[in-house]
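One letter stands for each residue in the lines below.
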Amino acid sequence: AQKITQTQPGMFVQEKEAVTLDCTYDTSDQSYGLFWYKQPSSGEMIFLIYQGSYDEQNATEGRYSLNFQKARKSANLVISASQLGDSAMYFCAMREGGSGNTGKLIFGQGTTLQVKP
Amino acid sequence: DVKVTQSSRYLVKRTGEKVFLECVQDMDHENMFWYRQDPGLGLRLIYFSYDVKMKEKGDIPEGYSVSREKKERFSLILESASTNQTSMYLCASSFRGRQSPLHFGNGTRLTVT
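Now for a description of the structure that goes with this document. Worth saying up front: this structure is predicted, and the values here are computed from it rather than measured.

**Digging into the sheet that holds strand β8 (residues 73–78) of chain B**
All names here are of chain B.
Piece 1. Spatially, four strands are ordered β1-β3-β8-β7 in an open sheet, and the strand pairing comes out antiparallel. A strand with exactly one partner marks an edge of an open sheet, and here the two such strands are β1 (4–6) and β7 (64–70). Here the strands of the sheet are splayed against their neighbours by 20° on average, with no regard to which way each runs.
Piece 2. By the bridge criterion, five bridges tie β7 to β8 in an arrangement that is antiparallel. Residue pairing for β8: Tyr64 is matched across the bridge by Leu78.

Set out below in structure tokens:
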């Protein structure tokens, strides 16, 4: 069963504007973690931000913030003040608490973001 | 700085060949992973290992095996390569713990002809 869903295959945003990338997840665990990664055209996977299921506040890292809505099982990434260098593929991922020591991460299909000058 | 190194960036093999993809990390991470990435499918987990000599199947283990004889090294083996195994292969590692992010290598683009 699909556990992480990213419904936007591609997105465009104007430089300096904010953009939201959607991610919904499915789990029966109470304890889990959510991650966002960026993959530029060079191919490397860059870790951006983490949100724990018990965290009461939305995570923020510089221009990245995570809009975490637990009841709706969504963990959308918000990028403020977009830059040309933000053009990349973005992946949402989840680690369930039942993974225990294994730390297995399940990824979504990804969203390609293009920032227009 | 954190480093995960995959032995080859590009690899071309023939159908039926046995293929070894090597991955080494220098961060003393307990967990290591092999994913494959295909357009429209995201990253799919092939195998992972949470300790030396320990391994568990991921979502798509068929046609693959792994070896972890040392903590820093995790090898992916394609027993008899097939064209449907043409893909980008990503190795990753992490500490144990729910909050620990995965650190990825640069990937190996494998083409099986």
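**Observations concerning the layout of surface pockets**
Piece 1. The volume enclosed by the largest pocket comes to roughly 420 Å³.
Piece 2. As for the largest pocket, its lining consists of 25 residues, of which A:Gln39, A:Met89, B:Gln37, B:Met88 and B:Arg109 are closest to the centre.
Piece 3. It is strand β9 (residues 87–94) of chain B that provides the largest number of residues to the lining of the largest pocket, a total of three residues.
Piece 4. Taken together, the residues that form the lining of the largest pocket break down as eight nonpolar, 14 polar and three charged.

Analysis parameters
- Residues numbered from 1 in each chain as written.
- Chains lettered and ligands numbered in written order.
- Predicted model: local features only at pLDDT ≥ 70, side-chain atom pairs only at ≥ 80, totals over all residues.
- Heavy atoms only, no water.
- Pairing = 2+ DSSP bridges.
- Helix = DSSP H or I, 4+ residues; strand = E, 2+ residues; numbered from the N terminus.
- Axes fitted to C-alpha atoms, helices over the stretch in contact; angles between N-to-C directions.
- 1 Å grid on protein atoms, 1.4 Å probe; cavity = no way out; pocket = protein on both sides within 12 Å on 5 of 7 lines; lining within 4 Å.
- Points joined across faces, edges and corners; volume = space filled by probe spheres on them.
- Nonpolar A, V, L, I, M, F, W, Y, C, P; charged D, E, K, R; others polar.

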